[in-house]
There are 2 protein chains.
Amino acid sequence: MPKISNKGITMPESPMRKLVPFAEIASKAGKNIYHLNIGQPDIKTPELALEAIHSFKDEVIEYSHSAGFKSYRKGLANYYQNIGITINYNNLIVTTGGSEALLFALNSCLDNGDEIIIPEPFYANYNGFSTSAGVIVKSIATSIDDGFALPEIAEFEKLITPKTKAILICNPGNPTGYLYSKHELETLREIVIKHDLFLIADEVYREFVYDGEIHHSVLKLEGVEQHAIVIDSTSKRYSMCGVRVGCIVSKNKELIATAMKFAQARLSPPTLGQIAGEAALKTDASYFKEVSAEYVSRRDVLVEGVNKIEGVICPKPKGAFYAIAQLPVDDAEKFAQWLLEDFDLNGETVMLAPATGFYSTPNKGTNQVRIAYVLNKESLQKAIACLDAALKIYPGRTIQ
Amino acid sequence: MPKISNKGITMPESPMRKLVPFAEIASKAGKNIYHLNIGQPDIKTPELALEAIHSFKDEVIEYSHSAGFKSYRKGLANYYQNIGITINYNNLIVTTGGSEALLFALNSCLDNGDEIIIPEPFYANYNGFSTSAGVIVKSIATSIDDGFALPEIAEFEKLITPKTKAILICNPGNPTGYLYSKHELETLREIVIKHDLFLIADEVYREFVYDGEIHHSVLKLEGVEQHAIVIDSTSKRYSMCGVRVGCIVSKNKELIATAMKFAQARLSPPTLGQIAGEAALKTDASYFKEVSAEYVSRRDVLVEGVNKIEGVICPKPKGAFYAIAQLPVDDAEKFAQWLLEDFDLNGETVMLAPATGFYSTPNKGTNQVRIAYVLNKESLQKAIACLDAALKIYPGRTIQ
């Protein structure tokens, strides 16, 4: 029997995967599980996007251009122009979700064995795509104590080697909800210019920024036009994760021409998803206002609620729909499994994402979880009540 | 300005890409171009698939399971069972087109620097995916003189090194239309068992087999259950290339578990495409009968037509909808460009795919083109008339 590749063996598994069988058993046993572990929002897809699908007229579902339908690319360029990012439709390629945009970016910027610096904790699949592209992740620590702020330049410089080719940030961040300040982006600018690095920013949560804060895109950062690459997606913006449509954006023409070669190999991004995406561009501002208000109130319920629990620390996120919480437990992986296997409050429990999956440094984040506030407020309150009750009786509780 | 990766620089471009600007100029100048260069069929998508899209009921377009919707996987398993391939739904993962299935297969079977043997000429994008996965292609020559039959075992063994991990075939073949015989598959079985290799078969054209011939899937080949991997796609089967839905199939559980890690990193294949794919499974046999009859008559028009042109050799393909033709020209790339730039017959011309793009060996196939018979018979006849007239006056003609 032939041997599986080492790449396949070292490919990290989704951090939640180990919990899935326990959730299935709990669910079959009749437990009601509040899923705070996943990023699948319950917000409705804009009607415009659904209508475009219902009224699809073509008799053949054909390939699009490898860079995406031109009309959609023009629409996307217009979307960026409206938020002050001066690009045209040749500066972007439509991709199969933000996932593929990241894979194209990694393949175009980094060779096998090259290094990328990523502030930790970070979206777990960055590890998977890096393995897939043969890229080595060098994580730079951020701390829950200052809400996951960007480290100083000196900390970055300790990690930079001749193999370092790029810095990757997620802004606002999954799993932290952290929003980078203007000053932090200027720090990144200084580093990437000095060390001639690419600056890749995953900005898929751009619209989910709260409390009057402003999102600063790397595409607006002067002086790094040839360094900056944005990973974008329609998944969260329009609550249509299943269409698998995103894009890669950069003013660096050589970068886009290179990414285009990878795009051509896979022929075309999904046609139907692009049709939904193009229609969604006309979504009224009121949709985002409503969605944003909903997330703010959910966040407030969640963060206030969990911080009231003894021993829990949860910085208030300014963006996205995730928060990292530190729990008074020996091991968040064990606790998350225990919640599914051994706990219930009136037949209900909570599923959490252990934060270890978001750290590449071993033994970091072991007492932290990521909470996605993608449930309605009533469910969130019930989930918090479960968490509170569970932490009182969990055998591995670290405070008495 | 940071440097693009070497991987990006060496990533091969689509072979037709160089011709596209010339086609655009010709088209703008009012020339009518018969596109024999691409694999986008004009056959209608089954009504069932379109209806499923029109009547999509959900309010949120959500992710599916990373392996694809369970109901669709079960439907696919049933499809395979009906054609005598005894697999269950755990033996497959739904992918974003056949493209992603191949990428998962390469990433799961081969490490960076490992080698894969592919009979040449082969689908040009195999080169791209191999570069992307860090895999080295070792091509094994086949010849137009015997219709691109598989070489003898000894020829394969000349290429096998400790780095060889897999053999990849396309059956029926793009770009040759060649259909492997039972004996040829048995030859492959002997090699992969003896040298402990994976046997990856791209069988996306499985239904397009003519003249009463039988398609032999590697999944039916006894004794290589742990070696055989099938790449499949809905694109050509149901003429819906734009849905971007395919699958990877293998009875090797470790292989599927490994591919699953790559599947999890990219979250989900397209939801809408899967809905079309699942509905398409119910397509009546009469659809394929009609489509097959249409392709056979097109093939006959094409192959008989071009073989009548002096100096042209075109073996009659038994499957898919491509043929390789050898032309009496100095250089098929120059000829293809000349057809667009300098030739017309009553305002019409032809776009061909130079076969060099399908060879990885330099200077092979320089007088060959791939012809896709994806146009109706009337258009094909006009295209052949153009080709005939063009070859009579082309300055680089090699026969007098």
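Values in this document were obtained by computation on a predicted structure and should not be read as measured data.

(A) Expanded view of the interface of chain B and chain A. If you look at the interface, chain B gives 72 residues, while chain A gives 72 residues. Summed over both sides, the interface of chain B with chain A buries roughly 6300 Å², with 57% coming from carbon and sulfur. Inspection of the chain B/chain A interface yields two salt bridges. The partner of Lys44(B) in a salt bridge is Glu59(A), with the nearest N and O atoms 3.4 Å apart. Counting every contact that joins chain B to chain A gives 42 residue pairs in polar contact (both at pLDDT 80 or more). Among the elements that take part in the side of chain B that touches chain A, helix H9 (residues 253-265) of chain B stands out by supplying eight residues, more than any other.

(B) Highlighting empty space enclosed by the protein. Per the stated rule, a full pass over the model turns up eight cavities of 30 Å³ or more. There is about 380 Å³ of room inside the largest cavity. Lining the largest cavity are 29 residues, and of these Glu100(A), Leu103(A), Glu100(B), Leu103(B) and Phe104(B) sit closest to its centre. The set of elements that each furnish at least two residues to the lining of the largest cavity consists of helix H5 (97-109), helix H6 (125-133) and helix H9 (253-265) of chain A together with helix H5 (97-109), helix H6 (125-132) and H9 of chain B. Grouping the constituent residues of the lining of the largest cavity by class yields twelve nonpolar, eleven polar and six charged. Counted as a void, the second largest cavity has a volume near 140 Å³.

(C) How the structure looks around unusual backbone geometry. Residues and elements named next belong to chain A. Residue Pro121 is bonded to the preceding Glu120 through a cis peptide linkage, with omega at 5 degrees. Along the chain, the position of Pro121 falls in the loop between strand S3 (115-120) and H6. With an omega dihedral of -10 degrees, the bond running from Asn171 to Pro172 counts as a cis peptide bond. Residue position: Pro172 is located in the loop between strand S5 (164-170) and helix H8 (182-195). With a phi angle near 55 degrees, Asp196 is a residue other than glycine that sits in the positive phi range. Positive phi, normally seen in glycine, also occurs at Ala320, with a value near 55 degrees. Positionally, Ala320 belongs in the loop between helix H11 (285-307) and strand S9 (322-326).

(D) Representation of the sheet that holds strand S9 (residues 322-326) of chain B in the model. All names here are of chain B. Strand order in the open sheet made by the three strands is S9-S12-S11, with antiparallel pairing throughout. Of all the strands in the sheet, just S9 and strand S11 (353-354) have a single pairing partner and so form its edges. One ladder, built from five bridges, connects S9 with strand S12 (residues 368-372); its direction is antiparallel. Residue pairing in the sheet places Ala323 in a bridge with Ile371 of S12.

(E) Main features of the environment of Glu24(B). All names here are of chain B. If you trace the backbone, Glu24 turns up in helix H2 (residues 20-28). By relative accessible area, Glu24 is classed as partly exposed at 46%. Separated by 316 residues in sequence, Glu24 and Leu340 have C-alpha atoms that sit 9.1 Å apart.

(F) How the structure looks around the pattern of salt bridges. Counted by the stated rule, this structure contains 42 salt bridges over all chains. Notably, a salt bridge pairs Asp232(B) with Arg237(B), separated by 2.6 Å at the nearest N-O pair. A relative accessible area of 4% places Arg237(B) in the buried class. Shared partners join several salt bridges into a network, and the residues in it are Glu203(A), Arg206(A), Glu207(A), Asp232(A) and Arg237(A).

(G) Broad picture of the nonpolar core. Among the nonpolar cores identified, the biggest contains 109 residues, and Tyr80(A), Ile167(A), Tyr80(B) and Ile167(B) are the most heavily contacted of them. Per-element accounting of this core gives the leading share, five residues, to helix H4 (residues 70-82) of chain A. Every residue in contact with Tyr80(B), bar those within four places of it in the chain, is listed here: Ile85(B), Ile87(B), Leu92(B), Arg206(B), Asp232(B), Cys247(B) and Val249(B). Core analysis: the next-biggest nonpolar cluster, separate from the first, contains 72 residues, Ile93(A), Ile118(A), Ala166(A) and Phe262(B) among them.

(H) Spotlight on H9(A). Residues and elements named next belong to chain A. The end-to-end C-alpha distance of H9 is 19 Å, a good match for the 18 Å that 13 residues give at a rise of 1.5 Å each. With ten of 13 residues buried, H9 lies mostly within the body of the structure. Buried within H9 we find Leu255, Ile256, Thr258, Ala259, Met260, Lys261, Phe262, Ala263, Gln264 and Ala265. Where H9 begins, one side-chain oxygen reaches toward the backbone nitrogen of Glu254, 3.0 Å away; that side chain belongs to Asn252. After H9 finishes, the residue Leu267 shows a positive phi value of roughly 75 degrees.

(I) Spatial organisation of the environment of Asp232(A). Residues and elements named next belong to chain A. If you trace the backbone, Asp232 turns up in strand S7 (residues 228-233). As a C-alpha pair, Asp232 and Ala77 span 155 residues in sequence and 12 Å in three-dimensional space. The residues touching Asp232, leaving out its near neighbours within four places in the chain, are Tyr79, Tyr80, Gly98, Glu203, Val204, Arg206, Arg237, Gly246 and Cys247. In this structure the side chain of Asp232 is engaged in a polar contact, spanning 2.5 Å, whose partner is the side chain of Tyr80.

(J) Quick peek at the relation of the copies chain B and chain A. Mapping chain B onto chain A is achieved by rotating through 180 degrees and translating by 0.0 Å along the same axis, at an RMSD of 0.0 Å. Both chain copies can therefore be described as sitting about a two-fold axis. The rotation axis passes nearest to the C-alpha of His54(B) in chain B, at a distance of 2.0 Å. Most of the interface of chain B is mirrored in chain A: 100% of its interface residues are interface residues there too.

(K) Region of the structure containing the pairing of strand S4 (residues 136-141) of chain B. Residue and element names in this part refer to chain B. Taken together, the six bridges between strand S3 (residues 115-120) and S4 define a ladder with parallel strand orientation. By the bridge assignment for S4, Glu115 is matched with Ile136. Assessed by its sense of winding, the connection that carries the chain from S3 through H6 to S4 is right-handed.

(L) Molecular detail of the packing of aromatic side chains. Scanning the entire structure with this criterion turns up 36 aromatic pairs over all chains. A centroid spacing of 4.9 Å and a plane angle of 70 degrees characterise the contact between Phe335(A) and Tyr394(A), whose relative ring orientation is edge-to-face. On the criterion of sequence distance, the pair formed by Phe335(A) in helix H12 (residues 332-341) and Tyr394(A) in the segment after helix H13 (377-393) is long-range, its members being 59 residues apart. Tyr394(A) carries the same exposure label as Phe335(A), and that label is buried. Centre to centre, the rings of Tyr178(B) and Tyr180(B) are 5.3 Å apart; their planes meet at 80 degrees, and the pair counts as edge-to-face. Feature note: the residues Tyr205(A), Phe208(A), Tyr295(A), Phe321(A), Tyr322(A) and Tyr373(A) constitute an aromatic cluster, connected by ring pairs.

(M) Layout of the confidence of the model for chain A. Here chain A shows a mean pLDDT of 95. Residues at 70 or above account for 100%. Of the two predicted TM-score estimates for the complex, the pTM is 0.95 and the ipTM is 0.94.

(N) Inspection of the packing of helix H11 (residues 285-307) of chain B against helix H13 (residues 377-393) of chain B at higher detail. All names here are of chain B. Across the interface, H11 lies against H13 with an axial gap of 10 Å and an inter-helix angle of 15 degrees. If you check the angle between H11 and H13, you find them roughly parallel. Note that H11 runs across H13; the crossing there is right-handed. On H13, the residues touching Glu294, Ser297, Arg298, Val301, Leu302, Gly305 and Val306 of H11 are Lys377, Leu380, Gln381, Ile384 and Leu387. Tallied by class, the residues present in the contact of H11 with H13 amount to six nonpolar, three polar and three charged.

Quick notes on the rules
- Residues numbered from 1 in each chain as written.
- Chains lettered and ligands numbered in written order.
- Predicted model: local features only at pLDDT ≥ 70, side-chain atom pairs only at ≥ 80, totals over all residues.
- Heavy atoms only, no water.
- Contact = heavy atoms within 4.5 Å.
- Buried area = accessible area lost by both parts, 1.4 Å probe.
- Salt bridge = Lys/Arg side-chain N within 4 Å of Asp/Glu carboxyl O.
- Polar contact = N/O pair within 3.5 Å; in protein donor to acceptor, adjacent residues only side chain to side chain.
- Helix = DSSP H or I, 4+ residues; strand = E, 2+ residues; numbered from the N terminus.
- 1 Å grid on protein atoms, 1.4 Å probe; cavity = no way out; pocket = protein on both sides within 12 Å on 5 of 7 lines; lining within 4 Å.
- Points joined across faces, edges and corners; volume = space filled by probe spheres on them.
- Nonpolar A, V, L, I, M, F, W, Y, C, P; charged D, E, K, R; others polar.
- Pairing = 2+ DSSP bridges.
- Buried < 20%, exposed > 50% of the residue type's maximum accessible area, 1.4 Å probe, protein only.
- Core = buried A, V, L, I, M, F, W, Y, C linked by side-chain atoms within 4.5 Å.
- Expected span 1.5 Å × (residues − 1).
- Least-squares fit on C-alpha atoms with pLDDT ≥ 70 in both.
- Right-handed = clockwise from strand over helix to strand, strands pointing away.
- Phe/Tyr/Trp six-rings, centres within 6.5 Å; stacked < 30°, edge-to-face > 60°.
- pLDDT = per-residue confidence, 0-100.
- Axes fitted to C-alpha atoms, helices over the stretch in contact; angles between N-to-C directions.
- Parallel < 35°, antiparallel > 145°, perpendicular 65-115°, else oblique.
- Left-handed = near helix turned anticlockwise from the far one by under 90°.

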